[in-house]
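The chain contents come next:
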Amino acid sequence: DALPIYKPGETVKFRIITINKNFIASNETYPLVELLDPGRNRVGQWLNVRPNQGIVDLSFLLANEPPLGTYSIKIPGRYHQYTFVVQEYVLPKIEIVFKTPDYVLKQAEEFNFKTCGRYTYGKPVQGVVDSSLCLKTKNSILIQDVGICELYSGETDGDGCLSVVVSTEKFNLTALECDYFDVSARLKENGTVFS
């Protein structure tokens with residue numbers, strides 16, 4: 001099971017539920033409830049905790065720069081402990097992948113172009129993609145920007161991709177010696193833009 005995750009500065013809220021061997025709520029007093037940081041230092045304690053109808057609600061405000069790692073809530077003399085993790089929040093990383101044919105013949109009228117967004121852990125990104133496809137030409141001396149670009153925008157599908165069929169007519173592929181496409185994209189997901 002994944003442990004609950006808290007960020008520095010957040011309030012950890014937890015509940016202790018006490019029942020006896022017959023599954024009846026107990027108001028047995030706990031002399032000590034303690035909170036231990038990853039170094040096993042006591043950073044919080046509650047003394048003489050008495051449940052109300054078998055339930056106690058407690059909370060602890062984490063410092064803005066606490067030790068990061070696994071914390072434990074323990075009741076000395078009891079076998080159960082509760083653990084949670086304190087870590088800095090990191091935005092999930094996204095990669096943008098372009099799927100194009102290996103080559104486009106000069107006489108081709110169209111080709112498929114996909115822009116896909118995926119979190120690094122594999123899940124597709126749902127959002128809006130703005131892709132550009134720009135024609136460049138290359139000779140033995142230099143790479144030259146031809147200045148012909150097409151922009152494609154739209155919502156990603158269930159696979160996290162925007163799929164378009166590109167017409168080669170605007171790019172005038174037959175007029176150039178050796179050319180290739182330069183691609184770039186922006187992906188907006190839940191208010192975050194990735195390029």
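The structure this text deals with has already been given above.
**As for the layout of surface pockets**
Size it by volume and the largest pocket reaches roughly 400 Å³. For the largest pocket, the lining is made up of 15 residues, of which Ile 16, Ile 17, Tyr 30, Ile 75 and His 80 are closest to its centre. For the lining of the largest pocket, the element with the highest residue contribution is strand S2 (residues 11–17), accounting for 4 residues. Considering only residue class, the lining of the largest pocket consists of 9 nonpolar, 3 polar and 3 charged. Estimated volume of the second largest pocket: approximately 210 Å³.

**As for the pairing of strand S4 (residues 42–49)**
Direction of pairing for strand S3 (residues 30–36) relative to S4: antiparallel, over a ladder of 6 bridges. The residue of S4 that forms the bridge with Leu 32 is Leu 47. Between S3 and S4, which pair antiparallel and follow one another directly, the connecting turn spans 5 residues, one of which, Arg 40, has a positive phi of 70 degrees.

**Some thoughts on the state of the cysteines**
Applying the stated criterion across every chain, the model contains 2 disulfides. Bridging Cys 116 to Cys 161, the disulfide has an S-S length of 2.0 Å. Its S-S torsion of about 105 degrees marks the bond between Cys 116 and Cys 161 as right-handed, since a negative value means left-handed. Within this pair, whereas Cys 116 is found in strand S9 (residues 110–119), its partner Cys 161 is found in strand S12 (residues 161–167), the two being separated by 45 residues in sequence. Pair check on accessibility: Cys 116 and Cys 161 agree, each one buried. Note on cysteine connectivity: Cys 134 is disulfide-linked to Cys 149, with sulfurs 2.1 Å apart. Here the S-S torsion is close to 115 degrees, and the disulfide linking Cys 134 with Cys 149 is therefore right-handed. One end of the pair, Cys 134, is in strand S10 (residues 128–138); the other, Cys 149, is in strand S11 (residues 143–155), with 15 residues separating them in the sequence. What makes Cys 134 buried here is its relative accessible area of 13%. Given a relative accessible area of 32%, Cys 149 falls into the partly exposed group. Along the protein chain, the cysteines engaged in disulfide bonds are linked according to the scheme 1-4, 2-3 when indexed in sequence order.

How each quantity is defined
- Counting starts from 1 at the beginning of each chain's written sequence and moves along it residue by residue.
- Confidence filtering applies because this is a predicted model: local features only for residues at pLDDT of at least 70, side-chain atom pairs given and counted only at 80 or more, and all residues used for totals across whole chains, interfaces and linings.
- In computing side-chain values, all of the structure's heavy atoms are included and hydrogens and water are not.
- Lining residues are those with an atom within 4 Å of a point, where the points come from a 1 Å grid over the protein atoms alone and group into cavities, where a 1.4 Å probe fits but cannot get out, or pockets, open sets with protein on both sides within 12 Å along at least five of seven lines.
- Grid points are joined across faces, edges and corners, and a volume is the space filled by probe spheres set on the points.
- Each helix is a run of DSSP H or I of at least 4 residues and each strand a run of E of at least 2, with the numbering of both proceeding from the N terminus.
- Ten residue types, Ala, Val, Leu, Ile, Met, Phe, Trp, Tyr, Cys and Pro, are classed as nonpolar, four, Asp, Glu, Lys and Arg, as charged, and the remainder, Gly among them, as polar.
- At least two DSSP bridges between two strands are required for those strands to pair.
- The disulfide criterion is simple: two cysteine sulfur atoms within 2.5 Å.
- Throughout, exposure labels follow a simple rule: accessible area from a 1.4 Å probe, protein chains only, divided by the maximum for the residue type, with under 20% read as buried, over 50% as exposed, and the rest as partly exposed.

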